[in-house]
Amino acid sequence: MATTTVSSVSLSLNDRITAGILALLIGSFLVFGAGLANSAVLHDTAHDVRHSYGFPCH
């Protein structure tokens, strides 16, 4: 018989506000930074990341 343990974390208001602001900043960067960037820039960045991980792309 499997037993499941559930634990909860209680965060203070300050921690929740900090997490919310951080999520807002990251989301804003994804929408405005990557969403409005030139497609050639995004392609070159993805290409460089693939090479840095050692994946061949050609």
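Residues numbered from 1 in each chain as written. Predicted model: local features only at pLDDT ≥ 70, side-chain atom pairs only at ≥ 80, totals over all residues. Heavy atoms only, no water.

**Regarding the overall build of the protein chain**
Next up, step 1: For the protein chain, the count of helices and strands is 2 helices and 0 strands.
Next up, step 2: By the compact-globule yardstick of 10 Å for 58 residues, the protein chain is too spread out, its C-alpha radius of gyration being 19 Å.
Next up, step 3: Its C-alpha atoms give the protein chain principal-axis dimensions of roughly 50 × 35 × 15 Å.
Next up, step 4: Burial analysis of the protein chain (58 residues in total) assigns 0% to the buried set.
Next up, step 5: Put simply, the protein chain shows about 5400 Å² of open surface, and 67% of that area lies on carbon and sulfur atoms. (Helix = DSSP H or I, 4+ residues; strand = E, 2+ residues; numbered from the N terminus. Rg over C-alpha atoms; globule rule 2.2 N^0.38 Å. Buried < 20%, exposed > 50% of the residue type's maximum accessible area, 1.4 Å probe, protein only. Areas by Shrake-Rupley, 256 points an atom, 1.4 Å probe, with all protein chains shown as cover.)

**Regarding the UniProt feature "transmembrane region" (unreviewed entry) in the protein chain**
Next up, step 1: Using the residue numbers shown here, the UniProt feature "transmembrane region" (unreviewed entry) corresponds to residues 20-42.
Next up, step 2: From the first C-alpha to the last, residues 20-42 spans 27 Å; its make-up is 83% helix and 0% strand. (UniProt positions renumbered as here; feature names shortened; annotations may be inferred.)

**Describing the environment of alanine 23**
Next up, step 1: You can see alanine 23 is positioned in helix 1 (residues 13-34).
Next up, step 2: Overall, the relative accessible area of 49% leaves alanine 23 in the partly exposed class.
Next up, step 3: Linking alanine 23 and alanine 37, residues 14 residues apart in sequence, is a C-alpha distance of 20 Å.

**Digging into a nonpolar patch on the surface**
Next up, step 1: Residues Leu13, Ile17, Ile21 and Leu25 make up a contiguous nonpolar surface patch of about 400 Å² in total accessible area.
Next up, step 2: Here leucine 25 lies in helix 1. (Patch = residues over 30% accessible without salt bridge, like charges linked within 9 Å, V, L, I, M, F, W, Y side chains within 5 Å. Salt bridge = Lys/Arg side-chain N within 4 Å of Asp/Glu carboxyl O.)

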